[in-house]
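# Structural overview for review
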Amino acid sequence: ADDTSRKERKLQLHLKLLAHACSCQKPCPSANCAKMKGYMKHYTQCHRGDCEICPKLALMMRIHAKSCNALVCSVPDCREMREFTNQPQR
């Protein structure tokens, strides 16, 4: 159970960092913010089918979108993912 809670905490920290990095416009003192901004830039420009980074970012963005209720969110595609996720299943 300890390993699960550690993974959950790590996921929550990454989700918080994702939201921060996507809305942070100024030079940020956080090295993690800069790293996440770099990953997000990669995500928007990558077209490789075998990328190891993009599926992880996409999953994190989907998890974010499930719990996000902001009218305007700076995480890319959040609103679209939210609408897709919240559609009634047929």
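Provided above is the structure to which this section pertains.
Read on for a plain summary of the structure. Predicted, not measured: the structure shown is a model, and the values here were computed from it.

### Re the layout of surface pockets
The rolling of a water-molecule-sized probe over the atoms marks out the regions of remaining empty space. Roughly 370 Å³ of volume is contained in the largest pocket. If you trace the largest pocket, you find 14 residues lining it, with His14, Met36, Tyr39, Lys56 and Met60 closest to the centre. Elements supplying a minimum of two residues to the lining of the largest pocket: helix H1 (2–23), helix H2 (31–45) and helix H3 (53–67). In terms of residues, the lining of the largest pocket owes the most to one element, H1, which gives five residues. Here the residues of the lining of the largest pocket are counted per class, giving seven nonpolar, two polar and five charged.

About the cut-offs
Residues numbered from 1 in each chain as written. Predicted model: local features only at pLDDT ≥ 70, side-chain atom pairs only at ≥ 80, totals over all residues. Heavy atoms only, no water. 1 Å grid on protein atoms, 1.4 Å probe; cavity = no way out; pocket = protein on both sides within 12 Å on 5 of 7 lines; lining within 4 Å. Points joined across faces, edges and corners; volume = space filled by probe spheres on them. Helix = DSSP H or I, 4+ residues; strand = E, 2+ residues; numbered from the N terminus. Nonpolar A, V, L, I, M, F, W, Y, C, P; charged D, E, K, R; others polar.

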